[in-house]
Structures are given as C-alpha cells and as structure tokens.
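Survey of secondary and tertiary structure
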Amino acid sequence: MHPVLTLVAQRFALGLLLLFAASALIFAGTMILPGDVAQSILGQSATPEALENLRRELGLNEPPLQRYFSWLFNAMQGDLGTALTNGRDIADSLSTRLGNTLFLAFWAAVVSVPLAIFLGLLAVRYKDRWPDKLISAVTLASISIPEFLIGYVLMYFVSVRLGWFPSVAMVNSSMSLFERLNAIALPIAVLTLVVLAHMMRMTRAAILNVMQSAYIETAELKGLSSFKVIYRHALPNAIAPIVNVVMLNMAYLVVGVVVVEVVFVYPGMGQYLVDHVSKRDVPVVQACGLIFAAVYICLNMIADIVSILANPRLRHPK
C-alpha cells in the first residue's frame, strides 16, 4: 500500500478509537453524576413504587456495561433515544438544532478564516512595524476577553444603541438567507473575534519560520516583491500548520458555541444542551456530547490528513 494511504488509514482508525473512548467517557460521566434521574423526573413527592417502575422503564436497573453497549449500538444506528422531559425523539429534535449550529459555524468560518490569513500575511509583510503591532494587539485583546462579555458589549452598542442588528438571534426555516444572516450577524462577530487571534498568529509564525529558508532569499534576490514572495513561495510551504490551527478553530466554532448560543438565544445544539442539562435529561446530554465529540475528532482527523497530503516527503516517497 502507498505510504500516504497507510498514514490516512492509520489516522482514520485512530479517529474511530478516539470516538469510542470519548463515548465511554461521556456515558461514564453522566452515570456518576450525583442524584437520582427518576427522582428528578417525578419530583420529591413520588412514591417508591413509582420511582422503581420508572427506573425499570428507563433501564436504570440494568448493569452499567450492558446499558453502555446498548446505548452505543443504538447510537451507531442513528437511534439516540428519547428525551426524558418531553418524550420526543432526540435525533429528530437535534436535526434542526445541528443544522442551525453548522449554519452559524460555517458563516463564522467564512468570515474568520480568510480574514485571519490576510491579517497574518499583512503582519509578516510589515513585521515589527506599526501594522504588525496593531494587528497583534487587537487580536490578543479580543481573545483575552470572554466571549459572553464581547457578546453583551456588542449587543448593547450595536443592537441597542445603534439598532443595526437584532440582539436575539432567532432563526427559522421560513426566513430568507439574508434575513438569517442579519439575525446571526452579532454571533458571527463574536465568534470571529474569539478565533481570529489564534489563526492569525499561527499564520504569522508559520510564514516567518519559512521566510528564513534559503529559497526565500533566492526569490528575493530575483527581484520579486515582498508580498509576492510571501503568498507565492512562503504561504504554500507553511500551509500544514495553518491548516491544523484552522481546523482546530473550526472545531471550536461547532463545539464551543454553547456560550454564544445561550447569550443570543440562538436555537442551536448549545442552547438545546444547556436547556436539558438544567432538567437533568441524561439521554439528551449523552447524545449532544457524542455529536460534539464526533465533530471535533472528525475535523482534527481532516487536519491530519491535509497535513499529510501537503507534505511532499510523504506524497513523493523515495
């Protein structure tokens, strides 16, 4: 087998192993939580007989290992169980919520990734000069402030004082694309400010590392402009670490949007998870945790594969 295919297969197998381990940790974490699920559903006035019947109905009396493999096998078939609070199918409830979260993450990535790469190139072009220092200062300040604080500040000034965008990011299927983008403008701005610094500084560091190579000096001696040397010669050879950091931040855009969704009351998976955590709805928490873990592991696996394909020593073995 070709070395590249072998490495890709190894990364894929490792991703499946990590997902299996993550599912075990998610299930164990929800099981060791203090309190009684049946008691929280029926309330303090429930009789012992009613509690026992509900535990039997939910399968809480079965051995934990048997419950785990039953849950995992059903999840692999697309059956994520039923919500305890409303009796609805979790997969059906999550389908719309997951679509909303991916919609928000996609447009946040569309804005943040090109902007981060452009600012990284600009910072390299004007290294140690005022544009570089200004970009670094602004991005570091944005990443140092908690996202909920950025969200409330933008909500107050941009929405309440200026009235440019709505303060609550409510979307539905009947809205047009422009209306949906207008509704999520503030969450996109918050997520962009949060992930921008990490991607920009990694782009800057990777390109500066490549700029010390001999072939860069040769390109400069040929009379090429600084910006052409950066984006035609340095950027393609620094793409592997940049792809890694971009994928990590895209995973954050999907998995780490819980706070942003709660702040802006956005109907995504984060809001859905928080609502059911407060109600101690264990099947919903397990399903959301498994989906978040799968998305995070999948994006990291894609980053590894792209890094392998971008490495000439692996693409063209001797």
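Everything below is about the structure shown above.
As the structure is a computational prediction, the values presented were derived from the model and not from experiment. (Residues numbered from 1 in each chain as written. Predicted model: local features only at pLDDT ≥ 70, side-chain atom pairs only at ≥ 80, totals over all residues. Heavy atoms only, no water.)

Moving on: the packing of aromatic side chains. Following the criterion strictly, the structure yields six aromatic pairs and no others. Between the aromatic rings of F20 and Y68, the centroid separation amounts to 6.3 Å while the plane-to-plane angle is 65°, which identifies the pairing as edge-to-face. Taken together, the positions of F20 in helix α1 (residues 3-31) and Y68 in helix α4 (residues 64-76) put the pair 48 residues apart, joining distant regions of the chain. Grouping aromatic residues by their ring pairs yields a cluster made of F20, F27, Y68 and F69. Taking NZ or CZ as reference, R180 lies 4.3 Å from the ring centre of F103, over its face. (Phe/Tyr/Trp six-rings, centres within 6.5 Å; stacked < 30°, edge-to-face > 60°. Helix = DSSP H or I, 4+ residues; strand = E, 2+ residues; numbered from the N terminus. Lys NZ or Arg CZ within 6 Å of the ring centre and 35° of its normal.)

Here we take up a nonpolar patch on the surface. A cluster of nonpolar side chains, contributed by I145, F148, L149, Y152, V153, Y156, F157, V160 and V259, occupies part of the molecular surface with about 810 Å² of accessible area. No other element matches the seven residues that helix α7 (residues 147-161) contributes to the nonpolar patch. By the element assignment, V160 lies in helix α7. (Patch = residues over 30% accessible without salt bridge, like charges linked within 9 Å, V, L, I, M, F, W, Y side chains within 5 Å. Areas by Shrake-Rupley, 256 points an atom, 1.4 Å probe, with all protein chains shown as cover. Salt bridge = Lys/Arg side-chain N within 4 Å of Asp/Glu carboxyl O.)

Turning next to the side chain of R180. Structurally, R180 can be placed in helix α8 (residues 177-183). The buried charged residue R180 lacks any salt bridge, with E179 as its nearest oppositely charged partner at 8.4 Å. R180 has contacts with N100, F103, V171, N172 and M175, leaving out every residue within four places of it along the chain. (Buried < 20%, exposed > 50% of the residue type's maximum accessible area, 1.4 Å probe, protein only. Lys, Arg positive; Asp, Glu negative; His and termini not counted. Contact = heavy atoms within 4.5 Å.)

Next up on the list: the environment of L65. In this structure, L65 sits in helix α4. In this structure, the C-alpha to C-alpha distance between L65 and F27, residues 38 residues apart in sequence, is 9.9 Å.

Here we take up the environment of G99. With respect to the helices and strands, G99 occurs in helix α5 (residues 90-125). Considering only alpha carbons, one finds G99 and P267, 168 residues apart in sequence, at a separation of 9.8 Å.

Right, let's talk about the environment of Y296 for a bit. Summarising the element assignment, Y296 is placed in helix α15 (residues 282-309). When its relative accessible area of 36% is taken as the criterion, Y296 is described as partly exposed. In the structure, Y296 is positioned 47 residues away from N249 in sequence and 9.8 Å away in space, judged by C-alpha atoms. Once residues lying within four places of it in the same chain are set aside, the contact partners of Y296 are L248, A251 and V255.

Attention shifts here to unusual backbone geometry. Even without a glycine there, the phi angle at V265 is positive, about 50°. Within the fold, V265 resides in the loop between α13 (258-263) and α14 (269-277). With a relative accessible area of 39%, V265 lands in the partly exposed category.

Glancing now at the packing of α5 against α15. Following both chains from N to C, one finds α5 and α15 inclined at 45°, their axes separated by 11 Å at the closest point. In terms of orientation, α5 and α15 fall into the oblique class. For the pair α5 and α15, the sense of crossing is right-handed. Side by side, α5 and α15 meet where I90, L94 and L98 of the first sit next to P283, V284, A287, C288 and I291 of the second. Residue composition of the contact of α5 with α15, grouped by class: eight nonpolar, no polar and no charged. (Axes fitted to C-alpha atoms, helices over the stretch in contact; angles between N-to-C directions. Parallel < 35°, antiparallel > 145°, perpendicular 65-115°, else oblique. Left-handed = near helix turned anticlockwise from the far one by under 90°. Nonpolar A, V, L, I, M, F, W, Y, C, P; charged D, E, K, R; others polar.)

Looking now at the nonpolar core. I90, L94 and F264 are the most contacted members of the largest nonpolar core, which has 62 residues in total. Where this core is concerned, the elements lending two or more residues are α4, α5, α7, α9 (185-210), α12 (239-255), α13, α14 and α15. Among the elements that line this core, the one with the most residues is α5, at 11 residues. Counting residues in hydrophobic clusters, the runner-up holds five residues, among them V124, I207, L208 and I230. (Core = buried A, V, L, I, M, F, W, Y, C linked by side-chain atoms within 4.5 Å.)

Just distances and angles here, no functional claims.
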